[in-house]
Amino acid sequence: MTAIACPICGTNAQDYTKPEYDGKSVGCRRCGNFSISGTAIAMWSRSNKRMVANASGWIRKNQNIALTSENINFLKGLKTPSLNERAMSILQYIADETIDLSSKFFVESLITDGLHAISCSVSPNELDYLLRTYLKDELGFISIESTVNRFIDGQFNYEVAITPKGYSYLDGLARVNLESRIGFCAMWFDKSVLPIWTSAIEPAIKDAGYEPKRIDSHQHNNRIDDEIIAMLRRSKFVIADFTGQRGGVYFEAGFALGLGLPVIWTCKKQDLSNVHFDNRQYNFVLWEEDNLKEFKVAIQNRIEATIGRG
Ligand SMILES: [Zn+2]
């Protein structure tokens, strides 16, 4: 294990590459853990800070991803999330990283870490803006104690705590259908993708402690009908697989988001580039036909991490 500069963001990273791999397996303070092929490294450029920040943020949300040359144009084309999305990612990150309600979370401008990545911040000044100007001054969701005065531009040490107002906002996000046990799956009803339901999605929902549900659209002639809407209204979360780009799946995922339900986005790896661009901003769990076991584990982990065990 040696120290290297992260191939994506340039931050100090650990190199975990096994001898037979032509790329790099990296543990970066900012991006987290991922691997990237040699060709992909050659195609990437660190010159555009905005592009680097967005890619680093995406990788942080898609840990242990194996990046190949096919992913590079996607990473280069990532849009910056909205101000509010970036700030809420920070709030959730701090809540996840602190042990109890009164815990303080330490932020240091000179150390580039997961908080910089998750908020797609290009600089300490941007992170400072999101924390101090937006989350603290505008929304009152956090309180900040500075341990170092801002004598030098762009440098700060903060102790951040989430306020009761911030916690109740986070609670509100998780309050939809609290008692429900249903994990609903929206996917293409084609024989070619049926194995992802039987070998991965259904057992993943079950093993995470929930009740897997899916409506066979052969009975529904691909119409979004009352039964689907009723099922969505009763669900705790939705898994939406975009392989095949079915209109119904886009609709059901959008409807679930509108209800405030957590949506887990999945897609066949080779098909991700066909997914409508706005949806590609979400944090997809990707699958490959010959590795559905790994997909099952990844979905179960995502359910347990974002919704909790049922
Ligand atoms: Zn990095």
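Residues numbered from 1 in each chain as written. Predicted model: local features only at pLDDT ≥ 70, side-chain atom pairs only at ≥ 80, totals over all residues. Heavy atoms only, no water.

S.K.: I'd like a rundown of the sheet that holds strand S4 (residues 32–36), residues and numbers included.
M.R.: If you trace the five strands from one edge of the open sheet to the other, you get S1-S2-S3-S4-S5, paired in mixed fashion. Two strands lie at the open edges of the sheet, namely strand S1 (2–5) and strand S5 (65–67), each paired on one side alone. Neighbour to neighbour, the strand axes of the sheet diverge by 35° on average, direction disregarded. Pairing geometry for strand S3 (residues 24–28) and S4, over five bridges, is antiparallel. Bridge pairing in S4 places Ser25 opposite Ser35. Of the strands in this sheet, S3, S4 and S5 touch helix H2 (residues 49–61), which is tilted by about 140° from S5. (Pairing = 2+ DSSP bridges. Helix = DSSP H or I, 4+ residues; strand = E, 2+ residues; numbered from the N terminus. Axes fitted to C-alpha atoms, helices over the stretch in contact; angles between N-to-C directions. Contact = heavy atoms within 4.5 Å.)

S.K.: Describe the packing of aromatic side chains, listing the residues and the values that go with them.
M.R.: The final tally for this structure, using the stated rule, is 11 aromatic pairs. Seen in terms of ring centroids, Phe251 and Phe255 are 5.9 Å apart; in terms of plane orientation they differ by 20°. Their pairing is stacked. One end of the pair, Phe251, and the other, Phe255, are both in helix H10 (residues 247–259), four residues apart, so they sit about a helical turn from each other. The class for Phe251 is partly exposed, based on a relative accessible area of 38%. Ring geometry for Trp265 versus Phe284: centroids 6.1 Å apart, planes at 55°, classification tilted. Of this pair, Trp265 sits in strand S12 (residues 263–268) while Phe284 sits in the loop between S12 and strand S13 (285–287), placing them 19 residues apart in sequence. Taken individually, Trp265 and Phe284 each receive the classification buried, so the pair is uniform in this respect. Every member of this aromatic cluster is reached through a ring pair, and the members are Phe242, Tyr250, Trp265 and Phe284. (Phe/Tyr/Trp six-rings, centres within 6.5 Å; stacked < 30°, edge-to-face > 60°. Buried < 20%, exposed > 50% of the residue type's maximum accessible area, 1.4 Å probe, protein only.)

S.K.: So what's going on with the sheet that holds strand S9 (residues 182–186)? Which residues, and what values?
M.R.: With parallel pairing, five strands are arranged side by side in an open sheet as S10-S9-S11-S12-S13. For this open sheet the edge positions go to strand S10 (211–213) and S13, each flanked by a neighbour on one side alone. When the angles between neighbouring strand axes are averaged without regard to direction, this sheet yields 25°. In terms of strand pairing, S12 meets S13 through three bridges, oriented parallel. Opposite Cys267, over in S13, you have Leu286 as the bridge partner. Across the face of the sheet, helix H9 (residues 226–234) comes into contact with S9, S10 and strand S11 (237–241) while running at roughly 135° to S9.

S.K.: Describe the pairing of S4, and please don't skip the residues or the numbers.
M.R.: Of all five residues in S4, four are buried; the element is thus mostly enclosed. What sits between the antiparallel neighbours S3 and S4 is a turn of three residues. Bridging between S4 and S5 involves three bridges; their strand directions are parallel. Within S5, the position partnered with Ile36 by the bridge is Leu67.

S.K.: Talk me through the pairing of strand S8 (residues 157–162); I want residue IDs and the actual numbers.
M.R.: Along S8, five of the six residues are buried, which leaves the element largely enclosed by surrounding structure. Note that strand S6 (residues 105–108) and S8 share four bridges and pair antiparallel. The residue bridging Val107 from the neighbouring strand is Tyr158, located in S8.

S.K.: If you had to explain the domain arrangement of the protein chain to someone new, which residues and values would you point to?
M.R.: Examined at the domain level, the protein chain breaks down into domain 1 (2–76), domain 2 (83–173) and domain 3 (182–306). Taken over C-alpha atoms, the centre of domain 1 sits 25 Å from the centre of domain 2. The interface of domain 1 with domain 2 comprises 11 residues on the first partner and 13 residues on the second. Interface of domain 1 and domain 2: buried area, both sides summed, is about 980 Å²; carbon and sulfur atoms make up 58% of it. (Domains from an automatic or database assignment. Buried area = accessible area lost by both parts, 1.4 Å probe.)

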